[in-house]
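Close look at the chain arrangement
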Number of protein chains: 2
Amino acid sequence: MKLSTASVFLCMASAVNAFAPASNARVSTSLNMSGVERNPNFAKLAGGYLFPEIARRRNAYLAENPDMADRIISLGIGDTTKPIPEHILSGLVNGASKLGTQEGYSGYGAEQGMGDLRQKIATVLYDDLISADEVFVSDGAKCDIMRVQQMFGPGVISAVQDPSYPVYVDTSVMMGQTGEINTETSQYDNIVYMPCTAENNFFPDYASLPRADVVYFCSPNNPTGAAATRDQLTELVKTCKERGSILVFDAAYAPFIRDPDVPKSIFEIEGAKEVAIECNSFSKYAGFTGVRLGWTVVPDGLTFADGTPVRNDFNRVMTTAFNGASNIVQAGGLACLDPEGQAEINALIDYYLGNAKMLKDAMEEIGFNVFGGDNAPYVFVQLPEGKKSWDMFSEILEKAQVVTIPGAGFGPGGEGYLRLSAFAPRDSVIEACDRLKKAMV
Amino acid sequence: MKLSTASVFLCMASAVNAFAPASNARVSTSLNMSGVERNPNFAKLAGGYLFPEIARRRNAYLAENPDMADRIISLGIGDTTKPIPEHILSGLVNGASKLGTQEGYSGYGAEQGMGDLRQKIATVLYDDLISADEVFVSDGAKCDIMRVQQMFGPGVISAVQDPSYPVYVDTSVMMGQTGEINTETSQYDNIVYMPCTAENNFFPDYASLPRADVVYFCSPNNPTGAAATRDQLTELVKTCKERGSILVFDAAYAPFIRDPDVPKSIFEIEGAKEVAIECNSFSKYAGFTGVRLGWTVVPDGLTFADGTPVRNDFNRVMTTAFNGASNIVQAGGLACLDPEGQAEINALIDYYLGNAKMLKDAMEEIGFNVFGGDNAPYVFVQLPEGKKSWDMFSEILEKAQVVTIPGAGFGPGGEGYLRLSAFAPRDSVIEACDRLKKAMV
């Protein structure tokens, strides 16, 4: 018996209390197809995930222009390029080496992470604003966002900045929280899009929009590079509290903040511990994009409407669907939080912020309105009126062999903008600035 | 406006086509509670995840008997204890070291894993029965099972061996595939439990049970230690094919197989590529329980009922909700698949199988019926009629300071059995056998 889409959804609803008896009947499978209905939420996803799509277009260009292979410069995906500095590296190498000795060997660790790493994150990065048992160490913020979604389940309504990191929306769709995409607006039903453009200085007015259960907010922002001030975040926390929303604060770019008026954690804001979850990552912090280490803070004081601590359910996700970050990688995380590691990280960040300034200056010199890049590794370029971002992406790839990211890839609100990443090596950034200035006059 | 549980589920059903407008109204939050309804699927979960519960009981015993701390021997969680051998270790150490050089540094890799590792898995471990692009490298089989569940979504009905590794059922519940637990039978509505006990030689008769969309099958089995023969797996594949079920084959213990009549992969069975997904792991293979590396094979020929390749949707999960296994760890995986690495792994497995034999002999000497342990690192002990497995767990902990796992922790079908893990160091196994023989006569 093949289930229709409608009955699959009826099944979702009836699964709570009723047992829909499974059929013994043979499923008719032509062409060797299984009798299992495809998850209808996956059919709602429009296109592939953004970054593989960028790689696909770049490869298609190179297939047609093979002589350009050596000329390509990526200002696309936010991927670190500097080697891991000495002290942090020694943490990783020693973390691996000791597994070869009986005394140093370790197997499964706590799914929530090593106790000393959780403590050091709480102390060094949060100045003990939060406690070690509120920290969950993981293999990265991207993975944690899906785990957060698993916890919330299909019944919540989510709000996202528009444009935003595509994982928030895509995982909401995959979890069944949304309706279909509206092909005219490129927006999914059941998602609250919070416009963040030059017009509102990239800070949304959540209070004027429909209420959501879960509000995803990234600052410093990917892709806009905007960093919310203390006053702005105070307002956001207050509004979430008033409306009973849970704020999922993505702080993966916190170490790039240089402005003292921009908080590095949502927990610097009064009352945030009753409102917010914070996702964070060592990726951009220490060049760990390929090494994989992140963490999520779920404060004890945050509860669901029935009083259940959110931390309990997140703990259940972590213990059931995750098995701890690699012990080798966690040893590297500990080294990141030593004073030597912190100094090395600051030097790395200074380097990438130097790149961001060069990109910003070059794009302004060409004549664009340019945002971000001061407290963030992303420079957000406003295109001339009516210029489509995917067209500009192609034009720059063809004229200058520079890979960028079209703003529209981050949601409909990103249309008319282009994101440049400051994570390329310095000489590539200099060369890219030079080529862009020549190509775009 | 607070949603009732009923309206949350109504929302799940209506989310497909309709946009349920979010309310602007302030949510009444007494005691600082958010207005977000708890995911009702999480409320269905009975108790915590098994292994943290074992640790909790062991710690409670030690809190009352602090002088016993040095005497505790764990035959509990299946956690490797031998150091990582030289060649594999050098892969990990070099994988870390090279990140300190500009030439050796790498950031984000493909979410599906390094191309050469995928190829080597296909060639060395599957003798090219499958191709590299059907292999998805991950941070472990436990995590992959949740990702497989995400792909299937809430609309499927799952079948599990009873007893079984608790992740299959727990993640089904978390995804909303099940009804409530029946407190009398300890079974969830909407799960097909396939009894595997001494009576049926630990191989279920799936054809006589209600049809499920997804059949989870682990061989060599955790916890029973049973390893399905070629004939048995041929029958299982045939039945799944006839009924249009997708078989999720968990082969995490494959390297322990010594019997030539027991296949190491489901893809050795004719027709399996149109029926099965295989999850696997380096954890027990190479002592990587803390290092974290696994893989899942999704064959090109496997489709949903509408013809969509399952591989496409799994690829969407991996690219959206995962960011690749650690580059350091993947370098270790490559070393595992060198001839030197394979030889080291075989020596490790021989050692643990030696432990299993000692445990099996000791329990038989005491007078128990004992299963498993020949092609698996688990020994499954049948308790005397009427003896509850959690009681036996406590009795052995108190009398012999040996941690075991009660069969009931793996599902109702495990009641009356005890699982012993062979992953302890040899001297601990010898000591444990000695103590058990003294305590249980």
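Predicted, not measured: the structure shown is a model, and the values here were computed from it.

Take the relation of the copies chain A and chain B next. Structural alignment of chain A on chain B gives an RMSD of 0.0 Å, achieved by rotating through 180° and translating 0.0 Å along the axis. The relationship between the two copies is best expressed as a two-fold rotation axis. Here 99% of the interface residues in chain A have copies in chain B that are interface residues too; the copies meet face to matching face.

Another point: the packing of aromatic side chains. According to the stated counting rule, one finds 45 aromatic pairs over all chains in the structure shown. Aromatic pair A:Phe136 and A:Phe314: ring centres 5.2 Å apart, planes at 90°, arrangement edge-to-face. Of this pair, A:Phe136 sits in strand S2 (residues 135-138) while A:Phe314 sits in helix H10 (residues 310-321), placing them 178 residues apart in sequence. No difference in accessibility class separates A:Phe136 from A:Phe314, as the two residues are buried. Ring centres 6.1 Å apart and planes at 75° place the aromatic pair B:Phe202 and B:Phe380 in the edge-to-face group. On the criterion of sequence distance, the pair formed by B:Phe202 in the loop between strand S6 (191-195) and strand S7 (214-218) and B:Phe380 in strand S12 (residues 378-382) is long-range, its members being 178 residues apart. The two residues B:Phe202 and B:Phe380 agree in class, both being buried. Here the guanidinium or amino end of A:Arg147 rests over the ring plane of A:Phe322, the centre of that ring lying 4.3 Å away. The cationic tip of B:Arg243 hangs over the ring face of B:Tyr206; the distance from NZ or CZ to the ring centre is 4.5 Å.

Turning our attention to the sheet that holds strand S10 (residues 294-297) of chain A. Residue and element names in this part refer to chain A. Strand order across the open sheet formed by 7 strands is S2-S10-S9-S8-S7-S3-S6, with mixed pairing between neighbours. Bordering the open sheet on either side are S2 and strand S6 (191-195), each of which pairs with just one other strand. Direction aside, neighbouring strands of the sheet carry axes that sit 20° apart on average. Note: S2 against S10, 4 bridges, orientation antiparallel. Bridge pairing links valine 137 to tryptophan 295 in S10.

Strand order in this open sheet of 4 strands is S11-S12-S15-S14 (chain A), and the pairing throughout is antiparallel. If you trace the sheet from one side to the other, it starts and ends with strand S11 (369-372) and strand S14 (405-406) of chain A, each paired once.

Okay, unusual backbone geometry next. Between A:Ser219 and the following residue, A:Pro220, the backbone shows a cis peptide bond with an omega angle of -10°. Cis rather than trans, the peptide bond between B:Asp162 and B:Pro163 has omega equal to 10°. Within the secondary structure layout, B:Pro163 lies in the loop between strand S3 (158-162) and helix H7 (166-175). For B:Asn201, which is not glycine, the phi dihedral falls at a positive 60°. The residue B:Asn201 is located in the loop between S6 and S7 in this model.

What follows concerns the packing of helix H6 (residues 141-152) of chain A against helix H7 (residues 167-174) of chain A. Residue and element names in this part refer to chain A. Relative orientation of the contacting elements H6 and H7 amounts to 35°, with a least axis distance of 10 Å. Here H6 runs over H7; the crossing is right-handed. Judged by residue contacts, Lys142, Ile145, Met146 and Gln149 of H6 engage Val167, Tyr168, Thr171, Ser172 and Met174 from H7. Residues of the contact of H6 with H7, tallied by class, amount to 5 nonpolar, 3 polar and 1 charged.

Looking now at the pattern of salt bridges. Under the definition given, this model contains 44 salt bridges over all chains. Across the salt bridge formed by A:Arg316 and B:Asp170, the nearest N and O atoms sit 3.1 Å from each other. Of this pair, A:Arg316 sits in helix H10 while B:Asp170 is found in helix H7, placing the two residues in two different chains. Taken individually, A:Arg316 and B:Asp170 each receive the classification buried, so the pair is uniform in this respect. Residue A:Glu395 pairs with A:Lys399 through a salt bridge whose shortest N-O separation is 3.3 Å.

Per the UniProt annotation, the sites labelled "domain: Aminotransferase class I/classII large" (unreviewed entry) are residues 72-435 of chain A. Structurally, residues 72-435 of chain A is divided into 37% helix and 16% strand, and its ends, taken at the C-alpha atoms, are 11 Å apart.

Before going further, it helps to spend a moment on the interface of chain A and chain B. On the chain B side, the residues contacting the 120 residues of chain A number 120 residues. Across the salt bridge formed by A:Asp313 and B:Arg38, the nearest N and O atoms sit 2.7 Å from each other. Summed over the shared surface of chain A and chain B, the result is 39 residue pairs in polar contact (both at pLDDT 80 or more). By residue class, the composition of the side of chain A that touches chain B is 54 nonpolar, 43 polar and 23 charged.

Attention now goes to the domain arrangement of chain A. Residues and elements named next belong to chain A. Each assigned domain of chain A is listed here: domain 1 (50-78 + 341-439) and domain 2 (86-339). Relative to domain 2, the C-alpha centre of domain 1 lies at a distance of 25 Å. Each partner contributes to the interface: domain 1 provides 34 residues, whereas domain 2 provides 42 residues. In total, domain 1 and domain 2 occlude about 2700 Å² of area from one another, counting both sides; carbon and sulfur atoms represent 61% of this. On the domain 1 side of the contact with domain 2, Gln342, Asn375 and Phe410 bury the most area, a combined 23% of that side's loss. Applying the counting criterion to the domain 1 and domain 2 interface returns 1 salt bridge. The shortest N-O distance in the salt bridge between arginine 258 and aspartate 350 comes to 2.8 Å.

All names here are of chain B. Tracing the backbone shows asparagine 280 in strand S9 (residues 276-281). Among the polar contacts made by the side chain of asparagine 280, one reaches the main-chain carbonyl oxygen of alanine 251 at a distance of 3.3 Å. Sequence-distant contacts of asparagine 280, that is, excluding residues within four places in its chain, are made with Tyr126, Ala141, Ala251, Ala252, Gly294 and Trp295.

This part is about the environment of A:Glu268. All names here are of chain A. Among the structural elements, glutamate 268 can be located in the loop between strand S8 (246-250) and strand S9 (276-281). Residues glutamate 268 and arginine 243 lie 25 residues apart in sequence; the distance between their C-alpha atoms is 20 Å. Every residue in contact with glutamate 268, bar those within four places of it in the chain, is listed here: Leu129, Arg230 and Pro263. One polar contact links glutamate 268 to arginine 230, side chain to side chain, over a distance of 3.4 Å.

As a further point, take H7(A). Summarising burial for H7(A): 8 of the 8 residues are buried, a large majority. Listing the buried residues of H7(A) in full gives A:Val167, A:Tyr168, A:Val169, A:Asp170, A:Thr171, A:Ser172, A:Val173 and A:Met174.

Right, let's talk about the nonpolar core for a bit. Counting 230 residues, the largest nonpolar core has A:Phe152 and B:Phe152 as the members making the most contacts within it. With near-sequence residues (within four places) excluded, A:Phe152 lies in contact with A:Gln177, A:Val214, A:Tyr216, A:Ile246, A:Val248, A:Ile277, A:Phe304, B:Val36 and B:Asn39.

What counts and how
Residues numbered from 1 in each chain as written. Chains lettered and ligands numbered in written order. Predicted model: local features only at pLDDT ≥ 70, side-chain atom pairs only at ≥ 80, totals over all residues. Heavy atoms only, no water. Least-squares fit on C-alpha atoms with pLDDT ≥ 70 in both. Contact = heavy atoms within 4.5 Å. Phe/Tyr/Trp six-rings, centres within 6.5 Å; stacked < 30°, edge-to-face > 60°. Helix = DSSP H or I, 4+ residues; strand = E, 2+ residues; numbered from the N terminus. Buried < 20%, exposed > 50% of the residue type's maximum accessible area, 1.4 Å probe, protein only. Lys NZ or Arg CZ within 6 Å of the ring centre and 35° of its normal. Pairing = 2+ DSSP bridges. Axes fitted to C-alpha atoms, helices over the stretch in contact; angles between N-to-C directions. Left-handed = near helix turned anticlockwise from the far one by under 90°. Nonpolar A, V, L, I, M, F, W, Y, C, P; charged D, E, K, R; others polar. Salt bridge = Lys/Arg side-chain N within 4 Å of Asp/Glu carboxyl O. UniProt positions renumbered as here; feature names shortened; annotations may be inferred. Polar contact = N/O pair within 3.5 Å; in protein donor to acceptor, adjacent residues only side chain to side chain. Domains from an automatic or database assignment. Buried area = accessible area lost by both parts, 1.4 Å probe. Core = buried A, V, L, I, M, F, W, Y, C linked by side-chain atoms within 4.5 Å.

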